[in-house]
Amino acid sequence: LENATNREHLVISGLTDALTGMHNRRYLQKRLNEEIARSRRYNHPLSCLFIDADHFKRVNDLHGHGAGDLVLREISLRVWECLRASDVATRYGGEEFALLLPQTDSEEACKIAERIRLRIAENPITLEQGTALSITVSIGISELDRTHQHADPGKLLLSNADAALYDAKRLGRNRTVRLNRSDD
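All values derive from a computational prediction rather than experimental measurement. (Residues numbered from 1 in each chain as written. Predicted model: local features only at pLDDT ≥ 70, side-chain atom pairs only at ≥ 80, totals over all residues. Heavy atoms only, no water.)

Undergrad: Hey, could you run me through the layout of surface pockets in this one?
TA: Any space left empty among the atoms is revealed by the rolling of a water-sized probe across them. For the largest pocket, the calculated volume is near 160 Å³. If you go around the largest pocket, the residues you meet are Asp54, His55, Arg58, Val59, Leu62, His63, Leu133, Ser134, Ile135 and Thr136. A per-element tally of the lining of the largest pocket places helix H3 (residues 56–63) first, with 4 residues. Of the residues contributing to the lining of the largest pocket, the split by class is 4 nonpolar, 4 polar and 2 charged. (1 Å grid on protein atoms, 1.4 Å probe; cavity = no way out; pocket = protein on both sides within 12 Å on 5 of 7 lines; lining within 4 Å. Points joined across faces, edges and corners; volume = space filled by probe spheres on them. Helix = DSSP H or I, 4+ residues; strand = E, 2+ residues; numbered from the N terminus. Nonpolar A, V, L, I, M, F, W, Y, C, P; charged D, E, K, R; others polar.)

Undergrad: What is the right way to look at the side chain of serine 142 in this model?
TA: Structurally, serine 142 can be placed in strand E6 (residues 137–143). In this structure the side chain of serine 142 is engaged in a polar contact, spanning 2.7 Å, whose partner is the backbone oxygen of leucine 157. In this structure, serine 142 is in contact with Leu46, Ser47, Cys48, Leu157, Asn160 and Ala161, ignoring residues within four places of it in sequence. (Polar contact = N/O pair within 3.5 Å; in protein donor to acceptor, adjacent residues only side chain to side chain. Contact = heavy atoms within 4.5 Å.)

Next comes the structure, spelled out in structure tokens:
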């Protein structure tokens, strides 16, 4: 029984980000294929959000990596507060998060993204020494194109959300940008 418990703990820890408690990139890859198959089978939309903390390097440079870790944990908590039980939230890497929103078209994904963006921006994050940091995020949104067969639809969904994220950064940060279907 103890061996089974230890093995389960190893499996879970291998799919979870230790800092934020969110799933990790490996889990995202696994779920991405499942959600794409489900989306196509039932003809339901699937959207993806890429979230990136704006000017995060400054937090680490000015306040230290402990403060950066605290900010990432708080961002992840605020993201969770805005999601539904069926949504998949992952720490993609660094200060970037990737979310899969099953049965959600890009219009509804924009509403969720805005809710997340505002939830993070509305209250400063207080560091252990009492300093309050105003944190904003930029968010890129894409929707799975269920009408065309792509060699790697998961890679396309993620890269489109990432491209939209970079557009949000380029346009001034602290905003959401949706990749238009014609850009797929």
